[in-house]
Amino acid sequence: MSDKKPILLVVEDDEGLQRQLRWAYEDYEVVVAGDRATAIDMMRLHEPAVVTLDLGLPPDPDGTSEGFATLETIRSLKPDTKVIIASGHGARESALTAIASGAYDFYQKPVDIDELGHIVGRAFHLHGIERENARLEAAGGKDNSVLGGMITAAPEMLKVARTIERVAGADVSVMLLGASGTGKELLARGVHDESPRADKPFVAINCAAIPENLLEAELFGYEKGAFTGAVKTTEGKIELAEGGTLFLDEVGDIPLPLQVKLLRFLQERVVERIGGRKQIAVDVRIVCATHQDLDAMIAAQTFRDDLYYRLAEIVVKIPSLAERAGDAALLARHFLRKFAEEVKSPVKGFAPDALAAIDSHDWPGNVRELENRIKRAAIMADGKLVTAADLDFDDEAGESDPLNLKAAREIADRGAIRSALSRAEGNISQSAKLLGISRPTLYDLLKQYEMSA
Ligand SMILES: Nc1ncnc2c1ncn2[C@@H]1O[C@H](COP(=O)(O)OP(=O)(O)OP(=O)(O)O)[C@@H](O)[C@H]1O
Ligand SMILES: [Mg+2]
């Protein structure tokens with residue numbers, strides 16, 4: 001059992017503290033090192049994801065030189081290691097310097113076992129997320145895209161994509177069921193693009209967006225003079241899709257009388273334009289989608305079951321984004337790259353707190369919500385990294401419950417720095433004065449947070 005626990009390396013020369021920490025945490029196997037050489041040996045031996053590091057190590061127990069040297073070696077050996085710095089009284093300054101040189105966080109001595117446990121737990125969690133993302137990025141070859149343009153690495157969604165590929169070639173009707181923003185239209189296009197009809201038209205109509213009295217004319221077309229305003233003969237969407245695919249989006253919103261007419265078309269495969277006499281044969285493949293519960297609608301007699309069976313030869317359920325493990329971060333990267341390029345933003349990636357927030361958000365609006373948030377963040381971010389604050393979540397994972405003390409501090413620091421800079425119109429000395437810190441300290445903070453003046 002214990003060999004399955006993640007390993008926490010504690011670099012600490014105080015033997016009493018070593019013993020205390022060794023027994024403090026049930027969830028980790030704690031290994032200890034009392035000096036730099038042992039610490040590096042332990043790094044090589046165990047490759048721990050998380051390290052706590054006391055800066056004052058022998059032969060310089062009252063200074064920080066050994067601690068910094070150890071940090072540097074760990075960073076060069078395994079840059080993804082989360083190093084948490086232990087800072088003694090009055091050593092906050094060196095802890096901050098350590099963070100600027102790549103440490104993950106710091107805690108103040110004397111050690112509070114619970115507080116340190118919390119920081120360590122968060123570090124492991126974040127390390128897990130980052131490693132998973134790196135794995136996904138590496139695994140999918142170039143960009144994890146399936147069906148032409150869909151990004152996913154989640155087994156649930158890959159299964160959907162495989163189903164689509166498999167049914168695309170057969171001329172069966174496909175019904176896509178999924179909440180808003182899950183990619184229904186993208187998948188409908190996927191069906192078309194993977195089918196032998198790919199070089200013929202793909203015609204989409206959103207049955208919920210068109211007023212009831214116009215929907216019939218949109219679908220079936222009309223002859224000149226059929227009704228007031230019918231100034232010229234117009235083909236309907238069904239006819240326009242000849243040879244190709246007709247995508248009936250929000251099919252649950254088609255009113256009952258029109259359901260009858262649509263059913264007749266699906267049985268006879270001919271349309272009659274409004275006001276027309278001619279029967280026009282049309283060859284189309286039908287794909288439809290809805291977020292509504294059609295079973296319930298059938299029970300309530302607001303949707304015809306005979307129409308349902310015509311439309312639903314194959315039913316594909318699309319998982320929500322929250323059900324696709326790891327996809328939110330994957331898609332976030334994809335959209336960030338795309339939008340940063342579009343709006344010429346210098347943004348390069350996500351800060352750890354942003355990644356954690358993306359990972360823990362529920363995404364009720366699914367991929368569409370994610371796309372919108374990333375687009376806004378790419379515009380709003382004031383540094384090279386998108387932070388949790390830029391993503392503007394109003395749930396707890398965002399601003400009101402930051403990742404840890406460091407994230408909370410960072411959010412507060414960024415806010416204060418931004419307002420000082422704007423009051424001082426970007427003047428560094430003036431801003432530093434407003435903030436009550438020295439000019440070099442402000443420069444350090446700007447660099448650390450990748451902000452520009
Ligand atoms: N897996 C994915 N990879 C990349 N982009 C995606 C993915 N899924 C959806 N999108 C993008 O997200 C947006 C929403 O997708 P789409 O319009 O297909 O969803 P929908 O289910 O039809 O949504 P709605 O119910 O809001 O109409 C589109 O811009 C689409 O290109
Ligand atoms: Mg849609």
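Values in this document were obtained by computation on a predicted structure and should not be read as measured data.

Asker: Could you give an account of unusual backbone geometry, with specific residues and numbers?
Answerer: For residues other than glycine, phi is negative in most cases, and the peptide bonds are mostly trans. Going from P58 to P59, the amide bond is cis rather than trans, its omega being 5°. Along the chain, P59 turns up in the loop between β3 (50–54) and α3 (65–77). Omega for the bond connecting K109 with P110 falls within 30 degrees of zero, at 0°, which places this linkage in the cis form. Here P110 is to be found in the loop between β5 (105–108) and α5 (113–139). Not every positive phi belongs to a glycine, and E47 is a case in point at roughly 45°. Take E47: it is sitting in the loop between α2 (36–46) and β3. Note on E47: relative accessible area 51%, which makes it exposed. The backbone phi angle of N366 is positive, close to 55°, even though this residue is not glycine. Mapped onto the elements of the fold, N366 is located in helix α15 (residues 366–380). Using a relative accessible area of 2% as the deciding quantity, one classes N366 as buried.

Asker: Please give an account of the sheet that holds strand β16 (residues 314–317) that cites residues and values.
Answerer: One open sheet accounts for 5 strands, arranged β9-β12-β15-β8-β16; its pairing is parallel. Unpaired on one side and paired on the other, β9 (202–206) and β16 mark the two borders of the sheet. Adjacent strand axes in the sheet meet at a mean angle of 20°, parallel and antiparallel pairs treated alike. Taken together, the 5 bridges between β9 and strand β12 (residues 245–249) define a ladder with parallel strand orientation. Its bridge partner being in β12, V203 is matched across the sheet by L246.

Asker: Lay out the site of ligand 1 in plain terms, naming residues and giving numbers.
Answerer: In the vicinity of ligand 1 there are 16 residues, among which I151, G181, K184, R368 and E371 approach most closely. Here an oxygen atom of ligand 1 sits 2.9 Å away from a polar atom, N or O, in the main chain of G181. Here an oxygen atom of ligand 1 and a backbone polar atom of K184 are 2.9 Å apart. When ligand 1 sits alone it has 630 Å² of accessible area, and the protein chains cover 84% of it.

Rules and cut-offs
- Residues numbered from 1 in each chain as written.
- Chains lettered and ligands numbered in written order.
- Predicted model: local features only at pLDDT ≥ 70, side-chain atom pairs only at ≥ 80, totals over all residues.
- Heavy atoms only, no water.
- Helix = DSSP H or I, 4+ residues; strand = E, 2+ residues; numbered from the N terminus.
- Buried < 20%, exposed > 50% of the residue type's maximum accessible area, 1.4 Å probe, protein only.
- Pairing = 2+ DSSP bridges.
- Axes fitted to C-alpha atoms, helices over the stretch in contact; angles between N-to-C directions.
- Near = heavy atom within 4 Å.
- Polar contact = N/O pair within 3.5 Å; in protein donor to acceptor, adjacent residues only side chain to side chain.
- Areas by Shrake-Rupley, 256 points an atom, 1.4 Å probe, with all protein chains shown as cover.

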